[in-house]
Amino acid sequence: AKIIKIEPEKHRIALSTRQLQPHPWEANAGNYKAGDRVRGVVSRVLDFGAFVEVEPGIEGLIHVSEMSWVKRVRKASDLLKAGETVEAVVLGVNPAERRMSLGLKQALGDPWDDVERKFVAGTVVEGTVTRITAFGAFVEIAEGVEGMIHVSEISAEKRINHPRDVFKVGQRVKAQVLSVDKEKRQLRLSVKQMVPSSLDEYIAERKEGEVVNGRVMSVSGETAQVELGEGVRGTCRITQSRAESQDASSSGSLDLSALTSMLSARWKSGSPAGSTRKGELVPGQVRTFRIDKLDLQGKQIHLELA
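All values reported here derive from a predicted model rather than from experimental measurement.

Trainee: Break down the overall build of the chain for me, citing the residues and quoting the values.
Mentor: Scanning the chain from N- to C-terminus turns up six helices and 17 strands. The buried share among the 306 residues of the chain stands at 29%. Of the contacts made within the chain by residues no fewer than 6 positions apart, 54% connect residues no fewer than 24 positions apart. Total accessible area on the chain stands at roughly 19,800 Å², and carbon and sulfur atoms take up 49% of it.

Trainee: Explain the pattern of salt bridges to me, using residue names and the numbers behind them.
Mentor: Counted under the stated rule, the structure contains 14 salt bridges. With its nearest N and O atoms 3.2 Å apart, the salt bridge here joins Glu 87 to Arg 39. Of this pair, Glu 87 sits in strand S6 (residues 85-94) while Arg 39 sits in strand S3 (residues 37-45), and the two are 48 residues apart along the sequence. We note a salt bridge from Glu 59 to Arg 44, for which the minimum N-O separation is 3.0 Å. Residue Glu 59 is located in strand S5 (residues 58-63), and its partner Arg 44 is located in strand S3; the two are separated by 15 residues in the primary sequence. Since its relative accessible area comes to 25%, Glu 59 is described here as partly exposed. Residues participating in the shared-partner salt-bridge network are Arg 37, Arg 39 and Glu 87.

Trainee: Residue-level account of the pairing of S3, with values.
Mentor: Relative to S6, S3 is paired through five bridges, and the arrangement is antiparallel. Opposite Val 41, over in S6, you have Thr 85 as the bridge partner. In this sheet, strand S4 (residues 49-55) lies alongside S3 in antiparallel orientation, the contact comprising four bridges. Its bridge partner being in S4, Val 41 is matched across the sheet by Glu 53.

Trainee: Just give me the short version of the sheet that holds S5, but keep the residues and values in it.
Mentor: On the basis of which strands lie adjacent, the closed barrel formed by five strands has the order S3-S4-S5-S7-S6 and mixed pairing. For this sheet the average axis-to-axis angle between neighbouring strands, irrespective of direction, equals 50 degrees. Inspection of the sheet shows S5 paired to strand S7 (residues 99-103) by two bridges, in the parallel sense. Note that in S7 the partner of Leu 61 across the bridge is Ser 101.

Trainee: If you had to explain the pairing of strand S1 (residues 2-7) to someone new, which residues and values would you point to?
Mentor: Of the pairings in the sheet, the one linking S1 to strand S2 (residues 12-16) comprises five bridges and is antiparallel in character. Each bridged residue has a counterpart across the sheet, and for Lys 5 the counterpart in S2 is Ala 14. Hairpin connection, S1 to S2: the antiparallel pair is bridged by four residues, and His 11 has positive phi, about 55 degrees.

Trainee: Account for the sheet that holds strand S10 (residues 145-150), with residues named and values stated.
Mentor: The strand order around the closed barrel built from five strands is S8-S9-S10-S12-S11, with neighbouring strands paired in mixed fashion. Direction aside, the axes of adjacent strands within the sheet are offset by 50 degrees on average. Judged from the four bridges that link them, strand S8 (residues 124-132) and strand S9 (residues 136-142) form a sheet pairing that is antiparallel. Counted as the bridge partner of Arg 131 is Phe 138 from S9.

Trainee: Outline the packing of aromatic side chains, listing residues and values.
Mentor: Across all of its chains, the model carries one aromatic pair by this definition. Ring geometry for Phe 135 versus Phe 138: centroids 6.3 Å apart, planes at 80 degrees, classification edge-to-face. Sitting over the ring of Phe 51, Arg 44 keeps its end group 4.0 Å from the ring centre. Above the face of the Tyr 202 ring, Arg 206 is positioned so that its terminal group lies 4.2 Å from the ring centre.

Trainee: If you had to explain helix H4 (residues 198-205) to someone new, which residues and values would you point to?
Mentor: For the α-helix, the turn length of 3.6 residues means that residues three or four positions removed from each other point alike. Among the residues of H4, those classed as buried are Leu 199, Asp 200, Tyr 202 and Ile 203. One side of H4 carries all its buried residues, which in axial view fall inside an arc of 165 degrees. In H4, the exposed positions angled more than 90 degrees off the buried face are occupied by Ala 204 and Glu 205. Where H4 is buried, its residues touch strand S13 (211-220), strand S14 (223-229), strand S15 (232-237), strand S16 (286-295) and strand S17 (300-305).

Definitions and cut-offs
Residues numbered from 1 in each chain as written. Predicted model: local features only at pLDDT ≥ 70, side-chain atom pairs only at ≥ 80, totals over all residues. Heavy atoms only, no water. Helix = DSSP H or I, 4+ residues; strand = E, 2+ residues; numbered from the N terminus. Buried < 20%, exposed > 50% of the residue type's maximum accessible area, 1.4 Å probe, protein only. Contact = heavy atoms within 4.5 Å. Areas by Shrake-Rupley, 256 points an atom, 1.4 Å probe, with all protein chains shown as cover. Salt bridge = Lys/Arg side-chain N within 4 Å of Asp/Glu carboxyl O. Pairing = 2+ DSSP bridges. Axes fitted to C-alpha atoms, helices over the stretch in contact; angles between N-to-C directions. Phe/Tyr/Trp six-rings, centres within 6.5 Å; stacked < 30°, edge-to-face > 60°. Lys NZ or Arg CZ within 6 Å of the ring centre and 35° of its normal. Arc of directions from axis to C-beta.

Pasting the structure below:
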């Protein structure tokens, strides 16, 4: 044995046979590497984590941040107790400092591993509202997987000022997946995509080439926004009429007699000098258009003057 302490006043000598044997860290540290699955017994539980003895003399620490994918663990005792047997994954080993970091949640599997496969864009999901913020509502669609419904994706018919006006924590909702970002662990959801809007119904009932009436709402550059119905708008590209193009290209000089006749006609009819030419669009006009293209996916209607 090895003498480790002498107390003459108490007539005591402390001995150790363990001190003559190699330390488990020196003999067995090489048996563990990052990624290994281990099984051990919880030896101590502190607020910041739990120590697990994977073999006599070798302990690893499971920090509270490595305990659960699903919820935030504030104290290790909320999840683990001394004497409990657990499985964990080795996250790192430092033989010099005799330290090993373990992960409990890694042994359970990351629920985000197959999110991109299970919840592709367009998938309809159902889940429970877990929390509500000013910009959106978070919905748990699977254990450990939350998606967010932004306030702009709640309704297509009316403006929502705050998500709590529509949702409550614990409420079950159905939504459509818009996008998934596995790296950032973000999943965008939409409720308004589940309800056919006036625009959806209009596009479904019309076909390309159909002639429709609409009111010009605004003109910007070479495009005009046209209202075709309540909540239904289309975009018309402004192009010079074919007749005007031919006239402009064929006349090399100003026809004074034609100009005089035009001004005289406008004067007699009372039409203002700034009245619109054929093909020109002005806000407030009701005109006839032809549907050039219907884009159901992009929710867009492209028009041309009929």
